[in-house]
Amino acid sequence: MGVLMRRNAIIIFMCVELMLNAVNLLMVAFSKMFNDPSSQIFVFFIMVVAAAEVAVGLAIIVMMYRKVHSVDINILNRLKH
Amino acid sequence: MKAIIAATIIGVIMMFASILSNNKSGIVSLATVLFFFLFGINIWEVYESINATGVAAPAYLNNMMSLDSFAIWFSMLMSGCALLYILLLGKEIAKVGKHVGEYFALIAFIMVGIYLLAGYSNMLMLFIGIEILSIPQYILAGSDKRNLKSTEASLKYFLMGSFSTGILLMGIAMLYGATGSFDIINFRMLQTDALNPLALSGILFLIIGLGFKVSAAPMHMWTPDVYDGSPTPFTAFMSTIVKAGVFVAFLRLFHASFGNLTNHWMMIVAVITATTLFIGNITAVFQQSVKRMLAYSSIAQAGFMLFAILSVNATAWQGIVIYAVAYSVATIGMFAVLIKLKDYTYDGFNGLAKKEPALAFFTTIFLMSLAGIPLTGGFMAKYFVLLAAVQQGQVMWLVIFALIMAAVSVYYYFKVIIAMYFKTGEAELNHEVTGYDKLMLGITCLLVILIGLMPQLLLNL
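Quick caveat: nothing in here was measured; it's all calculated off a predicted structure.

Section: the overall build of chain B
Piece 1. Within chain B, the regular secondary structure consists of 17 helices and two strands.
Piece 2. By the compact-globule yardstick of 23 Å for 461 residues, chain B fits well, its C-alpha radius of gyration being 21 Å.
Piece 3. Viewed in the frame of its principal axes, chain B has a C-alpha envelope of about 65 × 55 × 45 Å.
Piece 4. Counting over 461 residues, chain B shows a buried share of 66%.
Piece 5. Within chain B, residue pairs in contact and separated by at least 24 positions form 82% of the contacts whose partners lie at least 6 positions apart.
Piece 6. Total accessible area computed for chain B in this model is approximately 15500 Å², and 69% of it derives from carbon and sulfur atoms.
Piece 7. Where the 23 positive side-chain charges of chain B centre and where its 19 negative ones centre are 4 Å apart.

Dropping the structure here:
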């Protein structure tokens, strides 16, 4: 649960990717257990969507970095009053 | 299925339009025409499904989609709301940034996600629908690049959103482990007694993951910041149509597959509903900015929509349809008024009734609908979801609690009305309100009242 602990946006992001990989592993393990290939297809979909998410997410982080020269999420508290 | 294909093509056309043309108003009119077209295709599909009564719901993509009459009807209503949204706010969308066509393209892709969520029958489609719906939203939230708040909102939304996607996927994987299938029909095989702990934790993860997307209470932390920071036209879209789409997915999953397991998840969802209502309404009272108040009010309204999920019966399905449309129409109208004002605080509304009586009148109707005053759509919506919960009969304490919270909500909605009518001041507008704006707001107003008088129009299932 690095997402909740770390303060660096990129590391949080990597932790999210780790969560997705954990799901992928679980899916493949179940697929072997049930002898059912459908979850392996699901894993492909997860990977594709994760790639799309990486593209958007890194763009957002770069946009943020250009503005404040930092990827620390503590500065995000500016939105709170 | 035609609507899904059409929405995808519209998205692609809009992207090309933004490459080929720099003419902003031209792109807005093109988008309006295309969304009219999309709405027409939806109506065509509804017409076909009415003619095909007695035939089993057509299944697409290897039985992963089953577009039953509810799915088609709901897609049609959501397209109608999106069309209304574009008619009301199209010009404002064009002012957000340079890449106007792409915003409309992303909105069209979000519509694809909503259609998928309305008619999925496989967890793969649920996952893909939720992602198609979320990823464009991350971009839309950050589309005002000059504004740091918008960037922050986008980053926050992205991090929380992808985290919740991870949790949702974990739930799907666990349910797969318990049943050996992704088909939501097969989840019915789960037996109430001797329930697999794997399935139980899977359901819990799904509640958390979907709760994130609909901003239910313990998972609502991102909502006010994101809705406040995003450009106002996109907040209007995210807090209404998108939220309604995710709710229907939630409803479909929990009624179609876990309907016979209610004693396992009923209590969890009931507690989430109570916290959502409490946090949403009580925090909204203390807000200074109307935009932020609307963000909290959208959490509160999500609490009411959760009633439809709690009560597993047919009235709940009717309730969610009415609630989705009534809430979307009123909130889109409210945001369309809000965006005309320079100052988003309550003081910004001071004296609006003197300056723009028509605008103030429309705002009053929208706010009354959100508060649930009779004769408006909001009343009928609340009536139907609470009726569903009463019919179900297990959560009477929650219904009473919801009524108290609805009374609290009247306070903060009427603060705006009081500011408009009884306080003196100069409400500054961004630009003059044109006749077109007034006409569109008037039509929206009529819709709100029409839903309040004849809700059965929306129930033509």
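Anyway, onward from the coordinates.
Remarks on helix H16 (residues 396-422) of chain B
Residue and element names in this part refer to chain B.
Piece 1. The first and last C-alpha atoms of H16 sit 38 Å apart over 27 residues, in line with the 39 Å expected at 1.5 Å per residue.
Piece 2. At phenylalanine 414, H16 shows its maximal kink, close to 30°.
Piece 3. Every buried residue of H16 is listed here: Leu398, Val399, Ala402, Met405, Ala406, Ser409, Tyr412, Tyr413, Val416, Ile417, Ala419 and Met420.
Piece 4. Those residues of H16 hidden inside the fold are in contact with helix H10 (262-285), helix H11 (290-310), helix H13 (352-355), helix H14 (357-371) and helix H15 (377-392).

Quick look at the packing of aromatic side chains
Piece 1. Here the structure, examined in full by the defined rule, presents 25 aromatic pairs over all chains.
Piece 2. For the pair B:Phe70 and B:Trp317, a centre-to-centre distance of 4.7 Å together with 90° between the ring planes defines the contact as edge-to-face. Residue B:Phe70 is located in helix H3 (residues 69-96), and its partner B:Trp317 is located in helix H12 (residues 314-338); the two are separated by 247 residues in the primary sequence.
Piece 3. A ring pair is formed by B:Tyr412 and B:Tyr413, whose centres lie 4.7 Å apart and whose planes are at 55°; its orientation type is tilted. For the pair B:Tyr412 and B:Tyr413, a shared accessibility class is recorded, and that class is buried.
Piece 4. The structure contains a cluster of three or more aromatic residues connected by ring pairs, namely A:Phe13, B:Tyr138, B:Tyr157, B:Phe158, B:Trp222 and B:Tyr227.
Piece 5. In this structure, B:Lys2 is placed above the aromatic ring of B:Trp44, and the distance from its NZ or CZ to the ring centre is 4.6 Å.

Details of the confidence of the model for chain A
Piece 1. Per-residue pLDDT for chain A has a mean of 83; in total, 85% of the residues score no lower than 70.
Piece 2. Mean pLDDT across the secondary structure elements of chain A bottoms out at helix H1 (residues 2-5) of chain A, with 66, and peaks at helix H3 (residues 38-68) of chain A, with 89.

Thoughts on the interface of chain B and chain A
A common way to express how large an interface is: the accessible area buried when the components associate.
Piece 1. Each partner contributes to the interface: chain B provides 40 residues, whereas chain A provides 40 residues.
Piece 2. Together, the buried faces of chain B and chain A total about 3600 Å²; carbon and sulfur atoms form 81% of this surface.
Piece 3. When residues of chain B are sorted by the area they lose upon contact with chain A, B:Glu152, B:Phe163 and B:Tyr176 head the list and together hold 17% of the total.
Piece 4. Across the chain B-chain A interface, the total number found is zero salt bridges.
Piece 5. For the pair chain B and chain A, the interface holds three residue pairs in polar contact (both at pLDDT 80 or more).
Piece 6. Elements that contribute at least two residues to the side of chain B that touches chain A include exactly helix H5 (123-141), helix H6 (148-179) and helix H8 (222-229) of chain B.
Piece 7. A per-element tally of the side of chain B that touches chain A places H6(B) first, with 21 residues.
Piece 8. Split into classes, the residues belonging to the side of chain B that touches chain A amount to 21 nonpolar, 10 polar and nine charged.

Quick look at the pattern of salt bridges
All names here are of chain B.
Piece 1. One pass over the structure, following the stated rule, counts nine salt bridges over all chains.
Piece 2. A salt bridge links glutamate 48 to lysine 2, with the nearest nitrogen and oxygen atoms 2.7 Å apart. Of this pair, glutamate 48 sits in helix H2 (residues 24-51) while lysine 2 sits in helix H1 (residues 2-20), and the two are 46 residues apart along the sequence.
Piece 3. By relative accessible area, which is 36% here, glutamate 48 ends up partly exposed.
Piece 4. For lysine 156, the salt bridge goes to aspartate 225, with nearest N and O atoms at 2.7 Å. Of this pair, lysine 156 sits in helix H6 while aspartate 225 is found in helix H8, placing the two residues 69 residues apart along the sequence. Both residues of the pair, lysine 156 and aspartate 225, count as buried.

As for the environment of B:Thr8
Piece 1. For B:Thr8, the location among the structural elements is in helix H1.
Piece 2. Sequence-distant contacts of B:Thr8, that is, excluding residues within four places in its chain, are made with B:Phe109 and B:Val112.

A closer look at the confidence of the model for chain B
Piece 1. Mean pLDDT over chain B works out to 85, with 97% of the residues at or above the 70 mark.
Piece 2. No element of chain B has a lower mean pLDDT than strand S1 (residues 59-60) of chain B, which averages 70, and none a higher one than H5(B), which averages 91.

Some words on the side chain of B:Ser75
All names here are of chain B.
Piece 1. The topology assignment puts serine 75 in helix H3.
Piece 2. Judged by its relative accessible area of 5%, serine 75 is buried.
Piece 3. Here the side chain of serine 75 touches alanine 71 through a polar contact of 2.6 Å, landing on its backbone oxygen.
Piece 4. Ignoring sequence-local partners within four residues, the contact set of serine 75 consists of Asn42, Tyr115 and Ala118.

As for the packing of H14(B) against H16(B)
All names here are of chain B.
Piece 1. Orientation of H14 relative to H16, taken along the N-to-C sense of each, is 175°, at an axis distance of 9 Å. One element, H14, and the other, H16, form an angle in the roughly antiparallel class. Of H16, the residues touching H14 (which contributes Ala360, Phe361, Thr363, Thr364, Leu367, Met368, Leu370 and Ala371) are Ala406, Ser409, Val410, Tyr413, Phe414, Val416, Ile417, Met420 and Tyr421.

Cut-off values and rules
- Residues numbered from 1 in each chain as written.
- Chains lettered and ligands numbered in written order.
- Predicted model: local features only at pLDDT ≥ 70, side-chain atom pairs only at ≥ 80, totals over all residues.
- Heavy atoms only, no water.
- Helix = DSSP H or I, 4+ residues; strand = E, 2+ residues; numbered from the N terminus.
- Rg over C-alpha atoms; globule rule 2.2 N^0.38 Å.
- Buried < 20%, exposed > 50% of the residue type's maximum accessible area, 1.4 Å probe, protein only.
- Contact = heavy atoms within 4.5 Å.
- Areas by Shrake-Rupley, 256 points an atom, 1.4 Å probe, with all protein chains shown as cover.
- Lys, Arg positive; Asp, Glu negative; His and termini not counted.
- Charge placed at Lys NZ, Arg CZ, Asp CG, Glu CD.
- Expected span 1.5 Å × (residues − 1).
- Bend = angle between axes of the 7 residues up to and from the residue.
- Phe/Tyr/Trp six-rings, centres within 6.5 Å; stacked < 30°, edge-to-face > 60°.
- Lys NZ or Arg CZ within 6 Å of the ring centre and 35° of its normal.
- pLDDT = per-residue confidence, 0-100.
- Buried area = accessible area lost by both parts, 1.4 Å probe.
- Salt bridge = Lys/Arg side-chain N within 4 Å of Asp/Glu carboxyl O.
- Polar contact = N/O pair within 3.5 Å; in protein donor to acceptor, adjacent residues only side chain to side chain.
- Nonpolar A, V, L, I, M, F, W, Y, C, P; charged D, E, K, R; others polar.
- Axes fitted to C-alpha atoms, helices over the stretch in contact; angles between N-to-C directions.
- Parallel < 35°, antiparallel > 145°, perpendicular 65-115°, else oblique.

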